[in-house]
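Observations on the model geometry
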Amino acid sequence: EAQVTQNPRYLITVTGKKLTVTCSQNMNHEYMSWYRQDPGLGLRQIYYSMNVEVTDKGDVPEGYKVSRKEKRNFPLILESPSPNQTSLYFCASSLVGANVLTFGAGSRLTVL
Amino acid sequence: AQTVTQSQPEMSVQEAETVTLSCTYDTSESDYYLFWYKQPPSRQMILVIRQEAYKQQNATENRFSVNFQKAAKSFSLKISDSQLGDAAMYFCAYTEDFGNEKLTFGTGTRLTIIP
């Protein structure tokens with residue numbers, strides 16, 4: 001089944017404890033991206049990648065890192081999480097130029 | 001920067017009735033795509049419908065249709081014969097046709113279906 005898989009789906013952590021949210025897609029998509037969803041703000045793009053080793057900042061990149069060493073994987077790294085990073089995170093992927101994103105199921109992160 | 005505005009934070013409709021969700025956007029581009037996404041309680045983002053700006057014909061998917069007014073920069077979603085399973089948060093979104101797949105989202109409209 002064609003899908004975007006995120007892990008973990010739920011995580012409660014404490015301020016400053018590094019964490020990684022993994023994202024993997026099995027559709028051979030070049031493009032991958034991370035969004036965060038907050039009440040009253042909709043979804044906002046954090047980082048995106050047009051292909052392997054090509055990443056760029058989205059609208060809200062502060063406090064996050066990403067890497068794209070393989071085409072299928074695009075992990076989101078929070079080096080030192082803070083409570084304002086408590087949010088619902090989505091990974092998404094697409095063929096470049098397709099203009100249709102496939103979303104993962106979301107990862108609910110709580111930073112205490 | 002492009003913006004997407006959904007002015008109705010919440011709406012409700014009687015089961016089997018028709019409801020229209022509003023969306024306006026701001027852009028200086030002529031080629032772009034507009035979307036409606038549904039987010040049920042499961043939190044999954046589900047694509048409902050997509051409209052290409054250069055197509056004058058309004059997109060339709062079963063009970064879902066859009067009213068795309070390019071000059072007015074308006075993109076409303078009409079749900080006909082509302083069903084209980086339509087209860088969800090609905091997001092309007094925009095992307096430019098430049099190979100950059102970034103979506104700009106509105107703040108969402110929560111739709112309640114009254115049995």
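Residue positions within a chain follow its written sequence, with the count starting from 1. Each chain gets a letter, beginning with A, and each ligand a number, beginning with 1, in the order they are written. Restriction of local features to residues with pLDDT of at least 70 applies here, the model being predicted, together with a cutoff of 80 or more for giving and counting side-chain atom pairs; totals for whole chains, interfaces and linings are based on all residues. Only heavy atoms go into the side-chain values, all of them from the structure, while hydrogens and water stay out.

1. Regarding the overall build of chain B
The helix and strand tally for chain B stands at zero helices and 12 strands. Walking chain B from its N terminus toward its C terminus, one meets helices and strands in the order β-β-β-β-β-β-β-β-β-β-β-β. Radius of gyration means the value over C-alpha atoms here, while the globule rule gives 2.2 Å times the residue count to the 0.38 power. Computed over C-alpha atoms, the radius of gyration of chain B comes to 14 Å, within 12% of the 13 Å expected from 2.2 N^0.38 for 115 residues, which places it in the range of a compact globule. Oriented by its inertia axes, the alpha-carbon framework of chain B measures out at about 45 × 25 × 20 Å. The proportion of buried residues among the 115 residues of chain B is 49%. Taking the contacts inside chain B whose residues are at least 6 apart along the sequence as the reference set, 55% of them involve residues at least 24 apart. Positive charges come from Lys and Arg, negative ones from Asp and Glu, while His and the chain ends are left out of the count. One atom stands in for each charge, and that atom is NZ of Lys, CZ of Arg, CG of Asp or CD of Glu. Computed over 10 positive and 13 negative side-chain charges, the separation of the two mean positions in chain B equals 2 Å. Only runs of H or I of at least four residues qualify as helices and only runs of E of at least two qualify as strands under DSSP, and these elements are numbered from the N terminus. In this scheme, a residue with accessible area under 20% of its type's maximum is buried, one over 50% is exposed, and one in between is partly exposed, where area comes from a 1.4 Å probe on protein chains only. Two residues qualify as a contact provided that any one of their heavy atoms is within 4.5 Å of a heavy atom in the partner residue.

2. Looking at the overall build of chain A
Looking only at helices and strands, chain A features zero helices and 11 strands. Along chain A, from the amino end to the carboxyl end, the secondary structure elements read β-β-β-β-β-β-β-β-β-β-β. Scaling as 2.2 N^0.38, a compact globule of 112 residues should have a C-alpha radius of gyration of about 13 Å, and chain A matches this with 13 Å. By its C-alpha atoms, chain A is 40 × 30 × 25 Å across when sized along the principal axes. Buried residues in chain A amount to 49% of all 112 residues. Considering only intrachain contacts with a sequence separation of at least 6, the fraction spanning at least 24 residues in chain A is 53%. Note on areas: Shrake-Rupley with a 1.4 Å probe; residue coverage comes only from the protein chains shown. Of the roughly 5,100 Å² of accessible surface on chain A, 52% is carried by carbon and sulfur atoms. Considering chain A, the positive charge centre built from 12 side chains and the negative charge centre built from 9 side chains are found 6 Å apart.

3. Focus: the nonpolar core
The tendency in soluble globular proteins is for nonpolar side chains to be buried as a group. Core analysis: the largest hydrophobic core is formed by 25 residues, its most contacted members being B:Tyr25, B:Trp36, B:Phe75, B:Leu77 and B:Tyr90. No other element matches the four residues that strand E10 (residues 88–96) of chain B contributes to this core. Side-chain atoms within 4.5 Å link the members of a nonpolar core, which is a set of buried Ala, Val, Leu, Ile, Met, Phe, Trp, Tyr and Cys residues. Judged by nonpolar contacts, the second largest core, of 19 residues, contains A:Cys23, A:Met32, A:Val66 and A:Val111.

4. Points about the interface of chain B and chain A
The interface is formed by 22 residues belonging to chain B together with 27 residues belonging to chain A. Two parts placed together each lose some accessible area; with a 1.4 Å probe, that loss summed over both constitutes the buried area. Summed over both partners, the interface of chain B with chain A buries about 1,900 Å², with 49% contributed by carbon and sulfur atoms. Its largest share of buried area at the contact with chain A, chain B owes to B:Arg43, B:Glu101 and B:Lys102, together 38% of the area lost on that side. Counted as salt bridges are all cases of a side-chain nitrogen of Lys or Arg within 4 Å of a carboxyl oxygen of Asp or Glu. Inspection of the region where chain B meets chain A yields one salt bridge. In this structure, A:Asp59 and B:Lys102 form a salt bridge, with 2.8 Å as the shortest nitrogen-oxygen distance. N or O atoms within 3.5 Å of each other form a polar contact, as long as, within protein, one can give a hydrogen and the other can take it, and as long as residues adjacent in sequence are counted only when both atoms are side-chain atoms. The interface formed by chain B and chain A contains four residue pairs in polar contact (both at pLDDT 80 or more). At the level of secondary structure, the elements contributing two or more residues to the side of chain B that touches chain A comprise strand E5 (32–39), strand E6 (46–52) and E10 of chain B.

5. Structural notes on the side chain of B:Gln51
Residue and element names in this part refer to chain B. Here Gln51 shows up in strand E6. Judged by its relative accessible area of 2%, Gln51 falls in the buried class. A polar contact of 3.0 Å, which involves the side chain of Gln51, links it to the backbone oxygen of Gln57.

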